[in-house]
Amino acid sequence: TNPRCMDIIELIREADPKAWITLFTNGALLDERTVSRLAKAQPLLIVLSLNASTPEVWLRTMRGGSEKDAKAAFHAMELLKDYEVPTIGSYVPWPSKPLSDLVNAVHFMDSMDVVRARVCLPTFTRFHVGEPPFNHETYWAEILETVKTLRSEVRVPVGLMPALYEIKTILPIVH
């Protein structure tokens, strides 16, 4: 959202042509001009928090966004693919959305050749107002089973965050 973001990235690139830059975005402001400039500023990695499988779900999920923003976020995925900008697609499966939306979103990310699909487990703290909005133990287990199934359906690696929920060791695991 910083109007000088691209200028700053280009200054970083001038100072260090090889340093990796990672940017986090919801994609709403990634138009063709911006993505074209990003492609010239590589190496970089975009983490696009899509959080939906369609612009309609995006609009319900991303509070404060407009229909134009929702469409732009999905078009951004296409632009990033077209300009060969490495992208991680990110999704938080909040219980207000069916897990089928997560499945559809990861399939979409796969079709956009993202380097990784990142599924972030939803959470809450004791500082949230009222009762916990869901039983995290039950819901996280459902998400994990969905992710395990997805991994056999798509080419893109599907990672769960935090990873230690699934992998309960710090010892190396070789598949």
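About the criteria used
- For every chain, the first residue of its written sequence is number 1, and the numbers climb from 1 along that sequence.
- Predicted model: local features are reported for residues with pLDDT of at least 70 only, side-chain atom pairs are reported and counted for 80 or more only, and whole-chain, interface and lining totals are derived from all residues.
- Hydrogens and waters are ignored; side-chain quantities use all the structure's heavy atoms.
- The working definition used for a salt bridge is a side-chain nitrogen of Lys or Arg within 4 Å of a carboxyl oxygen of Asp or Glu.
- Elements are defined by DSSP. Helices are runs of H or I of four residues or more, strands are runs of E of two residues or more, and each kind is numbered from the N terminus.
- Multiplying 1.5 Å by the helix residue count minus one yields the expected span of that helix.
- Exposure categories follow from relative accessible area, calculated using a 1.4 Å probe and restricted to protein chains: below 20% of the type maximum is buried, above 50% is exposed, and the middle band is partly exposed.
- This arc describes the spread of directions from the helix axis toward the C-beta atoms.
- Here, two residues are considered to be in contact whenever any of their heavy atoms come within 4.5 Å of each other.
- As used in this structure description, the phrase polar contact means that two N or O atoms lie within 3.5 Å; if the pair is within protein, one of them must be able to donate a hydrogen and the other to accept it, and residues adjacent in sequence are counted only when both atoms belong to side chains.
- Angles run from 0 to 180 degrees between N-to-C directions of axes, and those axes are lines fitted to C-alpha atoms, restricted for helices to the stretch in contact.
- Roughly parallel means an angle under 35 degrees; roughly antiparallel means over 145; roughly perpendicular covers 65 to 115; every other angle is labelled oblique.
- The nonpolar class holds Ala, Val, Leu, Ile, Met, Phe, Trp, Tyr, Cys and Pro. Asp, Glu, Lys and Arg form the charged class, and all remaining residues, Gly among them, are polar.
- Pairs were defined over the aromatic rings of Phe, Tyr and Trp, the Trp ring being its six-membered one, requiring ring centres within 6.5 Å. Orientation was assigned from the angle between planes: stacked under 30 degrees, edge-to-face over 60, tilted for the rest.
- The criterion for a charge sitting over a ring is simple: Lys NZ or Arg CZ within 6 Å of the ring centre, and within 35 degrees of the ring normal.
- Here a strand pair is declared whenever DSSP counts at least two bridges between the two strands.
- Using protein atoms alone on a 1 Å grid, points that fit a 1.4 Å probe yet trap it form a cavity, whereas open point sets bounded by protein on both sides within 12 Å along at least five of seven lines form a pocket; residues with an atom within 4 Å of a point count as lining.
- Grid points are joined across faces, edges and corners, and a volume is the space filled by probe spheres set on the points.

Regarding the pattern of salt bridges
Then comes step 1: A full pass over the atoms with the stated rule returns 8 salt bridges.
Then comes step 2: The partner of R37 in a salt bridge is D7, with the nearest N and O atoms 3.2 Å apart. Pair noted here: R37 is in helix α2 (residues 32-40) and D7 is in helix α1 (residues 5-15), with a separation of 30 residues, a long-range link.
Then comes step 3: In this structure, the salt-bridge partner of R155 is D110, at a minimum N-O distance of 3.8 Å.

Focus: helix α6 (residues 136-151)
Then comes step 1: With 16 residues, α6 should reach 22 Å at 1.5 Å per residue; the first-to-last C-alpha distance of 22 Å fits that figure.
Then comes step 2: Those residues of α6 that fall on the buried side of the exposure criterion are Y139, W140, I143, L144, T146, V147 and L150. One face of α6 carries all of its buried residues, which in axial projection span an arc of 165°.
Then comes step 3: Buried residues along α6 sit against α5 (99-111), β4 (116-120) and β5 (158-161).
Then comes step 4: The N-cap residue of α6 is N135: its side-chain oxygen and the backbone nitrogen of E137 are 3.0 Å apart.

As for the packing of α1 against α2
Then comes step 1: Between α1 and α2, the shortest axis-to-axis distance is 10 Å and the interhelical angle comes to 10°. Here α1 lies roughly parallel to α2, going by the angle between them. Within the contact between the two elements, α1 uses M6, D7, I9 and E10 and α2 uses T34, R37 and L38.
Then comes step 2: By residue class, the composition of the contact of α1 with α2 is 3 nonpolar, 1 polar and 3 charged.

Topic: the packing of aromatic side chains
Then comes step 1: Under the criterion given, the structure shown has 4 aromatic pairs.
Then comes step 2: A network of ring pairs unites the aromatic residues W94, F124, F134 and Y139 as a single cluster.
Then comes step 3: Above the ring of Y91, the side-chain terminus of K97 is found at 4.2 Å from the ring centroid.

Considering the sheet that holds β5
Then comes step 1: The 5 strands lie next to each other as β1-β2-β3-β4-β5, forming an open sheet whose pairing is parallel. If you trace the sheet from one side to the other, it starts and ends with β1 (21-25) and β5, each paired once. For this sheet the average axis-to-axis angle between neighbouring strands, irrespective of direction, equals 20°.
Then comes step 2: As defined by bridge partners, strand β3 (residues 87-91) adjoins β4 across 4 bridges and the pair is classed as parallel. Paired with S90 across the bridge in β4 is R118.
Then comes step 3: Contacts between helix α4 (residues 67-82) and the sheet are confined to β2 (44-49) and β3, with β2 contributing the most and set at about 155° to the helix.
Then comes step 4: Sheet contacts for α5: β3, β4 and β5; angle to β3, the most-contacted strand, approximately 175°.

Description of the layout of surface pockets
Here the idea is plain: a probe the size of a water molecule rolls over the atoms and shows the empty space left.
Then comes step 1: When its volume is computed, the largest pocket comes out at roughly 430 Å³.
Then comes step 2: The set of elements that each furnish at least two residues to the lining of the largest pocket consists of α1, β1 and α2.
Then comes step 3: Counting residues per element, the lining of the largest pocket draws most heavily on α2, at 4 residues.
Then comes step 4: Tallied by class, the residues present in the lining of the largest pocket amount to 9 nonpolar, 5 polar and 4 charged.
Then comes step 5: Empty space within the second largest pocket amounts to approximately 300 Å³.
Then comes step 6: In this structure, the second largest pocket is lined by N51, V57, R60, T61, M62, R63, V92, W94, S96 and K97.
Then comes step 7: Split into classes, the residues belonging to the lining of the second largest pocket amount to 4 nonpolar, 3 polar and 3 charged.

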